[in-house]
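Coordinate analysis (summary)
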Amino acid sequence: MPLPKPNVSNAQVEVLTEEKFSLGEGPHWEEKTQRLIWIDIFGPSVNIYDPATKENKVYNIREQLEKLGAKGNRLSVGVAVPIVGEPDKLVIGTGSHVATFDPTTGEVEFKNEFEDGQEETRYNDAKCDPSGRLWAGTMNAKKDEHEKGPEVGCLFLLDKGFAAPKPEVGEVTISNGLAWSADKKTMYYIDSVPGTIFAFDYDDATGCISNRRALIDTSKLDIGSPDGMTIDTLDRLWVAGFDSGAVHCFDPTCPSEPHVSLPIPGASRITSCCFGGKNLDELYVTSARCDVASISSDD
């Protein structure tokens, strides 16, 4: 039986900040502090938005990354999530490194680095699974080549304690959205260029994935390129449609069911989304000012 479709007809869309960013991404709702953490990939900056005060604090980390030797298209930040037990620090994926970032001091500390034999790949999107392991994907960051192949991206698993990145899914174009079902038995994953939402059997005890299958082929739908993704309390998937000006809701239990689109007025390049607020009934959406292929950290 299909899941109930969301009613988006009365949705109110509000612009949270008038500041201009190149490539907003990676929204993460921190339930403990009731704040939104998100990034501008090529700022590169980590942002923390407080709905209570409507203040968005921007932490530009370009200088810190340059001091640590980052350059070119790897002078970027692809993810920022809190660290359990360390309330003043975030895990960030920057270029080819996983690092910690302390907003109070501005300190960035590299922890480990993926090795894939590629010079132009960088971390793009990442999320923690239900047990706190970090799943982080990469893409070809070289201008104009990320959609041409070869598929040099990869989805890595980084276990607790900053373990070395372990490749789990290879031959990826643009590694993107991740989500897990409420019963912790299914992991969903997006590879943007083919436009596929994949499903895997997922073992929360070990973090192992298996039985990869194509769940939804969005290339046949008018939703742009599937980008970031989140999941709601009913297990419906909400997918950011780059170049579609909307977020699209899918029922993973009935993939053939028509999707529901939530238009985002004034934004065409939708990059990601997540639910937040005290009741988790507010959808936070990020967007880009430029096409990904036309920008780099040097622009």
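Not measured: the values here are computed from a predicted model.

**Topic: the sheet that holds strand 1 (residues 24–30)**
The strand order across the open sheet built from four strands is 1-2-3-4, with neighbouring strands paired in antiparallel fashion. Only two strands of the sheet have a single neighbouring strand rather than two, namely strand 1 and strand 4 (55–60). In this sheet, neighbouring strand axes are inclined to one another by 20° on average, regardless of whether the strands run parallel or antiparallel. In terms of strand pairing, strand 2 (residues 35–40) meets strand 3 (residues 45–50) through five bridges, oriented antiparallel. Residue I37 lies in a different strand from strand 3, and its bridge partner there is I48.

**Considering the packing of aromatic side chains**
Within this structure, the stated rule accounts for eight aromatic pairs. Each ring, one from F21 and one from W38, has its centre 4.8 Å from the other, and the planes form 80°; the classification is edge-to-face. Here F21, found in the segment before strand 1, pairs with W38, found in strand 2; they are 17 residues apart in sequence, far enough to count as distant. Residue classification places F21 among the buried positions, given a relative accessible area of 12%.

**Some thoughts on empty space enclosed by the protein**
Scanning the entire structure with this criterion turns up four cavities of 30 Å³ or more. In this structure, the largest cavity spans a volume of roughly 80 Å³. Every residue lining the largest cavity is listed: L3, P4, K5, P6, R236, C249, F250, D251, E257, P258, H259 and V260. The residue makeup of the lining of the largest cavity, split by class, is seven nonpolar, one polar and four charged.

**Some thoughts on the nonpolar core**
With 20 residues, the main nonpolar core has V46, I61, A80, I92, F101 and V108 as its most contacted residues. Breaking this core down by element, the ones donating at least two residues are strand 2, strand 3, strand 6 (86–94) and strand 7 (97–102).

**Observations concerning the sheet that holds strand 7**
Pairing is antiparallel in the open sheet, where four strands are placed in the order 5-6-7-8. Bordering the open sheet on either side are strand 5 (79–83) and strand 8 (107–113), each of which pairs with just one other strand. On average, adjacent strands in this sheet sit at an angle of 25° to one another, irrespective of strand direction. Two strands pair when backbone bridges link them, and strand 5 and strand 6 are joined in this way by five bridges, in the antiparallel orientation. Paired with I83 across the two strands is E86, which belongs to strand 6.

**Considering the pattern of salt bridges**
Overall, the coordinates contain twelve salt bridges when judged by the stated rule. With its nearest N and O atoms 3.6 Å apart, the salt bridge here joins E257 to K5. One end of the pair, E257, is in the loop between strand 19 (246–250) and strand 20 (260–263); the other, K5, is in the segment before strand 1, with 252 residues separating them in the sequence. K5 sits in the partly exposed class, given a relative accessible area of 44%. Residues R213 and D201 are paired through a salt bridge, measuring 3.0 Å at the closest nitrogen-oxygen approach. Placement of R213 in strand 16 (residues 208–217) and of D201 in strand 15 (residues 196–203) is noted, with a sequence separation of twelve residues between them. Beyond isolated ion pairs, a larger network of salt bridges with shared partners links D129, R133 and D159.

Thresholds applied
Residues numbered from 1 in each chain as written. Predicted model: local features only at pLDDT ≥ 70, side-chain atom pairs only at ≥ 80, totals over all residues. Heavy atoms only, no water. Pairing = 2+ DSSP bridges. Helix = DSSP H or I, 4+ residues; strand = E, 2+ residues; numbered from the N terminus. Axes fitted to C-alpha atoms, helices over the stretch in contact; angles between N-to-C directions. Phe/Tyr/Trp six-rings, centres within 6.5 Å; stacked < 30°, edge-to-face > 60°. Buried < 20%, exposed > 50% of the residue type's maximum accessible area, 1.4 Å probe, protein only. 1 Å grid on protein atoms, 1.4 Å probe; cavity = no way out; pocket = protein on both sides within 12 Å on 5 of 7 lines; lining within 4 Å. Points joined across faces, edges and corners; volume = space filled by probe spheres on them. Nonpolar A, V, L, I, M, F, W, Y, C, P; charged D, E, K, R; others polar. Core = buried A, V, L, I, M, F, W, Y, C linked by side-chain atoms within 4.5 Å. Salt bridge = Lys/Arg side-chain N within 4 Å of Asp/Glu carboxyl O.

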